Number of protein chains: 2
Amino acid sequence: MDTIVIYDISDNALRSKVARTLLEHGLVRIQKSAFYGFMNHNNREKLRLRLDRMMEGEEGNIQLYPLCSKCFNLRESIGETYEIKEEDVTVL
Amino acid sequence: MDTIVIYDISDNALRSKVARTLLEHGLVRIQKSAFYGFMNHNNREKLRLRLDRMMEGEEGNIQLYPLCSKCFNLRESIGETYEIKEEDVTVL
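Quick look at the structure, then. (Residues numbered from 1 in each chain as written. Chains lettered and ligands numbered in written order. Predicted model: local features only at pLDDT ≥ 70, side-chain atom pairs only at ≥ 80, totals over all residues. Heavy atoms only, no water.)

Residue and element names in this part refer to chain B. Contact geometry of helix α1 (residues 12–24) with helix α2 (residues 41–55) gives a least axis separation of 11 Å together with a crossing angle of 170°. Considering the angle they form, α1 stands roughly antiparallel to α2. Between α1 and α2 lies a crossing whose hand is right-handed. The segment α1 lies against α2, with Leu 14, Lys 17, Val 18, Thr 21, Leu 22 and Glu 24 engaging Leu 47, Arg 50, Leu 51, Met 54 and Met 55. Across the contact of α1 with α2, the residue classes break down as seven nonpolar, one polar and three charged. (Axes fitted to C-alpha atoms, helices over the stretch in contact; angles between N-to-C directions. Helix = DSSP H or I, 4+ residues; strand = E, 2+ residues; numbered from the N terminus. Parallel < 35°, antiparallel > 145°, perpendicular 65-115°, else oblique. Left-handed = near helix turned anticlockwise from the far one by under 90°. Contact = heavy atoms within 4.5 Å. Nonpolar A, V, L, I, M, F, W, Y, C, P; charged D, E, K, R; others polar.)

Below is the structure:
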C-alpha cells in the first residue's frame, strides 16, 4: 500500500537516523519531516519494528499511514514540494 | 472523512497563519507540522481553497490526506505525540 510516514523528532542525530532508515526502506522524502513509499504489509511491519527499537527511551513521535489507492488518489498538494537536501539525511 | 494535513513552511509568520487556519477549521495538532480532523467534502474544499490563496506566491508545501475509516484504522504511532505549544500557533 502507498504509505506516508511523518515524524516529529527534535534531536538532530535521531531525526537523521530515522530519515536514513526510511530511505533504506525505499521511501522518498516528500516534505522535511514526511516520507512516502509503496510498501507491502511485511516490509511495513519490518520498518515499524525497526523504528520502534530506535525510539525506545527517546523523545519524539513517528506516525505511519498506509493508504488504499482510493484514499491515495484523494490526496491534495498545495505549493511546491520539498527540495531534498541530502545533508539533512546523511549527517549523523 | 478523517483527514491528515501536513505542511513544510519555513517562514515563521506564514507557518503560524496556516496552523491557526487549521485550528479554525476544527483540526487538532498531532505533530509539530501535522494536524488531524474529521471533515466532510465541503469543509475540506473550503479549507483547501483558503490554503491555496494563502500560499499564492509563497514558498512551502501543504498536503491533505483524506482517509477512509479502513485506512485510518491501519495507522500506527510510535513514541509520544507532540505536546501542543499554543505559542507556536498564536504568534504571527
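With that settled, consider the sheet that holds strand β5 (residues 76–79) of chain A. Taken in spatial order, the five strands make up an open sheet running β5(A)-β4(B)-β1(B)-β3(B)-β2(B), and their pairing is antiparallel. Of all the strands in the sheet, the pair left with one neighbour each is β5 of chain A together with β2 (28–31) of chain B. Between one strand and the next, the sheet's axes are offset by a mean angle of 25°, whatever the strand orientation. Where strand β1 (residues 2–8) of chain B and strand β4 (residues 61–67) of chain B come together, seven bridges link them in antiparallel fashion. (Pairing = 2+ DSSP bridges.)

A full pass over the atoms with the stated rule returns four aromatic pairs over all chains. When the ring centre of Phe72(A) is taken as origin, the NZ or CZ atom of Arg75(A), which lies over that ring, is 3.8 Å away. (Phe/Tyr/Trp six-rings, centres within 6.5 Å; stacked < 30°, edge-to-face > 60°. Lys NZ or Arg CZ within 6 Å of the ring centre and 35° of its normal.)

It is worth spelling out the interface of chain B and chain A at this point. In many analyses, interface size is given as the accessible surface area lost on bringing the parts together. The interface of chain B with chain A comprises 32 residues on the first partner and 32 residues on the second. Here chain B is connected to chain A by two salt bridges. With a closest N to O distance of 2.9 Å, Arg48(A) and Glu76(B) form a salt bridge. Counting the contacts that link chain B with chain A gives 24 residue pairs in polar contact (both at pLDDT 80 or more). When residues of the side of chain B that touches chain A are traced back to their parent elements, those giving at least two are β1, β2, α2, β4, α3 (69–74) and β5 (76–79) of chain B. Of the residues forming the side of chain B that touches chain A, the biggest block, seven residues, is contributed by β4(B). In terms of residue class, the side of chain B that touches chain A is made up of 18 nonpolar, seven polar and seven charged. Looking at chain direction, β5(A) and β4(B) are connected through four bridges and run antiparallel. Along β4(B), the bridge assignment pairs Ser77(A) with Gln63(B). (Salt bridge = Lys/Arg side-chain N within 4 Å of Asp/Glu carboxyl O. Polar contact = N/O pair within 3.5 Å; in protein donor to acceptor, adjacent residues only side chain to side chain.)

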